[in-house]
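Architecture and fold: a report
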Amino acid sequence: MDSQNNTCTTIDEYIAQFPPEIQAILSEVRAVIRAAAPQASEKISYQMPTFYLKGNLVHFAVHKTHLGFYPAPSGIEHFKDELSGYEYSKGAIRFPLDRPTPLDLVRRITAFRAKENLAQAAMKAKKG
């Protein structure tokens, strides 16, 4: 079920290419991310919906059997104990499409990443 159209330029276009039940999942995830990081901007990066806040914040994408969530290695490491029920790697978490998406976990990971990006940006600004 990977995206068949790699020319999407907006998250709306990305979501629209999937069947209604997948659109619902993607829309929920998008809303949770937006609520957790309201100051972040949206874009398509690496052919995936991406939220950007002083750098890439999180990405997500639908695959054949799962929703991929990409919060950078730090986001995975920080929540590693809570991810034990999911497949994950250094940079990706796989949420099976046949199970409810853990939206509260997505929210908390996104909020963590937002604080992290803002702190890193503040440190860079201080250094000059």
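The sections below set out a description of the structure shown in this document. Throughout, a residue's number is its position along its own chain's written sequence, starting from 1. It should be noted that, the model being predicted, local features are given only for residues of pLDDT at least 70 and side-chain atom pairs only at 80 or more, the latter also being counted only at that level, while totals for whole chains, interfaces and linings use all residues. Just so you know, side-chain values use all the structure's heavy atoms and leave hydrogens and water out.

A few words now on the nonpolar core. If you look at soluble globular proteins, the nonpolar side chains tend to sit buried side by side. Core analysis: the biggest nonpolar cluster contains 36 residues, and Leu26 and Phe69 have the highest contact counts within it. Where helices and strands are cited, they refer to DSSP runs of H or I of at least four residues and of E of at least two residues respectively, numbered from the N terminus. Elements with a minimum of two residues in this core: helix 1 (11-16), helix 2 (20-36), strand 2 (48-52), strand 3 (56-62), strand 4 (66-70), strand 6 (93-96) and helix 4 (103-127). Per-element accounting of this core gives the leading share, six residues, to helix 2. Note on terminology: a nonpolar core comprises buried Ala, Val, Leu, Ile, Met, Phe, Trp, Tyr and Cys residues joined through side-chain atoms within 4.5 Å. For each residue, the accessible area found with a 1.4 Å probe, counting protein chains only, is set against the maximum for its type, and the residue is called buried under 20%, exposed over 50%, and partly exposed in between.

Strands sit in the order 1-2-3-4-6-5 across an open sheet of six strands; the sheet is antiparallel. Each end of this open sheet is capped by a strand with a single partner; those strands are strand 1 (41-45) and strand 5 (87-88). When strand 2 meets strand 3, the two strands line up antiparallel, connected through three bridges. Bridged to Phe51 within strand 3 is Val58. Note on definitions: a residue-residue contact is assigned when non-hydrogen atoms from the two residues lie within 4.5 Å. To get an axis, a line is fitted to the C-alpha atoms, and for a helix only the part in contact is used. The angle between two axes follows their N-to-C directions and goes from 0 to 180 degrees. The strands that helix 2 touches are strand 1, strand 2, strand 3 and strand 4; relative to strand 3, the one it contacts most, it runs at about 170 degrees. Only strands that DSSP links by at least two bridges are regarded as paired with each other.

The next point concerns the packing of helix 2 against helix 4. It is the contact of helix 2 with helix 4, at a shortest axis distance of 8 Å, that shows an interaxial angle of 40 degrees. Where helix 2 crosses over helix 4, the two elements pack in a sense that is right-handed. Contacts from Glu28, Val29, Val32, Ile33 and Ala36 in helix 2 reach Leu103, Val106, Arg107, Thr110 and Ala111 in helix 4. Per-class residue counts for the contact of helix 2 with helix 4 are seven nonpolar, one polar and two charged. Helix crossings fall into two classes, left-handed where the near helix is turned counterclockwise from the far one by less than a right angle and right-handed where it is turned clockwise. All residues other than Ala, Val, Leu, Ile, Met, Phe, Trp, Tyr, Cys, Pro, Asp, Glu, Lys and Arg, Gly among them, are scored as polar; the first ten of these are nonpolar and the last four charged.

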